[in-house]
Amino acid sequence: MEYPELHHQAKHIDRLIDENIHAKRTVFLTTDQLQTIVVKVCPDFYVEDRGWHKIVFRHRRVDKNVVLKIGPQQSIENDHRAYKRVPHRIRHQIFARLFWHTKYCLLQEYGDPADVSAEQLSCIRRLIYRFGIFDVKADNLRKIEGDLKIIDANAIRIPLPTQMRIVDELKAKFPEKLEKIIGKVIKRLKKLA
């Protein structure tokens, strides 16, 4: 196993999250609660980025090209499912490598921010639709060893390339504010569930 020290810390974070979920009697922790727990227990971690469902942490003493993503179990499983959907022989040409995952944590290559043209994005989307993967945006692509790779995507059970293309094209036309509002509504609905 690669990065065993991080794996040990991730398992500890999993236990702490479970304890806090049980104590607070909630489905999952808020991003602020999650960040507080991780930074308090593992001070070498710092927040690199935040998404709708996960927080991305870097470690000060570990390779700068890997991050620990922490979020709800289903979100971590969805990332892993999308990654495994692509055949092994081409997986690492398309996706940033996933090293391992625990219940709430996932260690992944992350690379550097990338300027992605509309043509590059369209080409990557066409390539992955046949595997049942969608929701790839320019923000979900990073430059890793000189190549554009996907760091976050969603998979559906039955590949429907045409329908996924239409959904992605419609989402791209939403104003950024509307997309953030939809994300907040989804978060609130999940808290109520």
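The present account deals with the structure reproduced in this document. All figures in this text were calculated on a predicted structure; none of them were measured in a lab.

## Some thoughts on the side chain of Q9
- When you line up the elements, Q9 lands in helix 1 (residues 4-24).
- A residue is classified by how much of its surface remains accessible, and Q9, at 16% relative accessible area, is buried.
- Apart from the residues within four sequence positions on either side, Q9 is in contact with C42, F45 and H59.

## Here's the deal with the pairing of strand 9 (residues 147-150)
- Looking at chain direction, strand 8 (residues 141-144) and strand 9 are connected through four bridges and run antiparallel. Bridging across to strand 9, I144 finds its partner in D147.
- Counting the residues in the hairpin turn of strand 8 and strand 9 gives two residues, including E145, whose phi is positive at 50 degrees.

## Some points on the nonpolar core
- Within the largest apolar cluster, 23 residues are counted, with the highest numbers of intra-cluster contacts made by I13, I17, L34, F45, L68 and I70.
- Of all the secondary structure elements, the ones that give two or more residues to this core are helix 1, helix 2 (31-41), strand 2 (55-59), strand 3 (66-70), strand 4 (98-101) and strand 5 (105-109).
- Of the residues forming this core, the biggest block, six residues, is contributed by helix 1.
- When neighbours within four sequence positions are excluded, L34 is seen to be in contact with I17, F28, L29, I55 and I70.
- Residues V86, V116, A153 and A155 belong to the second largest nonpolar core, which totals 21 residues.

## Topic: helix 2
- The complete set of buried residues in helix 2 reads T31, L34, I37 and V38. Viewed along the axis of helix 2, the buried residues span an arc of 130 degrees, placing them on a single side of the element. Along helix 2, the residues that are exposed and aim more than 90 degrees away from the buried face are D32, T36 and K40.

Rules behind the numbers
Residues numbered from 1 in each chain as written. Predicted model: local features only at pLDDT ≥ 70, side-chain atom pairs only at ≥ 80, totals over all residues. Heavy atoms only, no water. Helix = DSSP H or I, 4+ residues; strand = E, 2+ residues; numbered from the N terminus. Buried < 20%, exposed > 50% of the residue type's maximum accessible area, 1.4 Å probe, protein only. Contact = heavy atoms within 4.5 Å. Pairing = 2+ DSSP bridges. Core = buried A, V, L, I, M, F, W, Y, C linked by side-chain atoms within 4.5 Å. Arc of directions from axis to C-beta.

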